[in-house]
Amino acid sequence: MKFAFQNKQPNVDETVFLAPGSCVIGEVTIGKESSVWFNAVLRGDEGPITIGERCSIQDNVTCHLYEDFPLVIEDEVTVGHNAILHGCTIGKRSIIGMGSTILDGAVIGEECIVGANTLIPPGKKIPPRSLVVGAPGKIVREITEDDLKLIQLSIDTYVDKGKLYKDSLKPMS
């Protein structure tokens, strides 16, 4: 039996850190200075997954989709440990909290924070600059300037950590 992804190879920028134990398969594109951490799984076997620049896909994150719903993570997004992203779109400069689940056709706007363990149901649209919590996710307020600083700190921290880990895992000459 042949699978569609067998003809597709990941397109990973040379600056990306792929942690040992991470799995990237099929039609997956990962932009500059991004990182995919330990035991994260990006399965582009049923359609395309696009990860932008300066993104961090934390430990044990699962990214998958069905053919009808591509998975797009725009630039400068941090996805927390154990999150599940399935056929959704995440707007740039956002944070997806640990253990959150975002399902088919959902769209998270730019500069959003999705709290830990939040469930965003299929097709839900979250406007830009929203703080969302709960199951199902509810908008509790607009994000603040302090929240934007937190987003920037997360971006910068994980870009730096990705570079550090990438350099430390190079073979010694």
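Use the structure listed above.
This section reports on the structure supplied with the text. Since this is a predicted model, take the numbers as computed values, not measurements. (Residues numbered from 1 in each chain as written. Predicted model: local features only at pLDDT ≥ 70, side-chain atom pairs only at ≥ 80, totals over all residues. Heavy atoms only, no water.)

1. Digging into the packing of aromatic side chains
Here is step 1: Per the counting criterion, the structure on display carries 6 aromatic pairs.
Here is step 2: Aromatic ring contacts, followed pair by pair, group F17, W37, F38, Y158 and Y165 into a single cluster. (Phe/Tyr/Trp six-rings, centres within 6.5 Å; stacked < 30°, edge-to-face > 60°.)

2. Looking at the pairing of strand 3 (residues 23-30)
In regular strands, side chains alternate between the two faces of the sheet.
Here is step 1: Here strand 1 (residues 11-12) runs beside strand 3; their pairing, made up of 2 bridges, is parallel. Across the sheet, V12 pairs through a bridge with I30, a residue of strand 3. (Pairing = 2+ DSSP bridges. Helix = DSSP H or I, 4+ residues; strand = E, 2+ residues; numbered from the N terminus.)

3. Observations regarding the pattern of salt bridges
Proximity of charged atoms lets side chains of opposite charge pair with each other.
Here is step 1: For the structure shown, the criterion picks out 10 salt bridges.
Here is step 2: Taking the shortest distance from any N to any O, the salt bridge between E111 and R129 comes out at 3.5 Å. Taken as a pair, E111 in the loop between strand 14 (107-108) and strand 15 (113-114) and R129 in the loop between strand 17 (125-126) and strand 18 (130-133) lie far apart in primary sequence, 18 residues in all.
Here is step 3: For R129, a relative accessible area of 26% corresponds to the partly exposed category.
Here is step 4: In this structure, R141 engages D147 in a salt bridge whose closest nitrogen and oxygen atoms are separated by 2.7 Å.
Here is step 5: Owing to a relative accessible area of 36%, R141 belongs among the partly exposed residues under this scheme.
Here is step 6: Here the residues in one salt-bridge network are E33, R54, E76, R93, E111, R129, E145, D156 and K163, joined through shared partners. (Salt bridge = Lys/Arg side-chain N within 4 Å of Asp/Glu carboxyl O. Buried < 20%, exposed > 50% of the residue type's maximum accessible area, 1.4 Å probe, protein only.)

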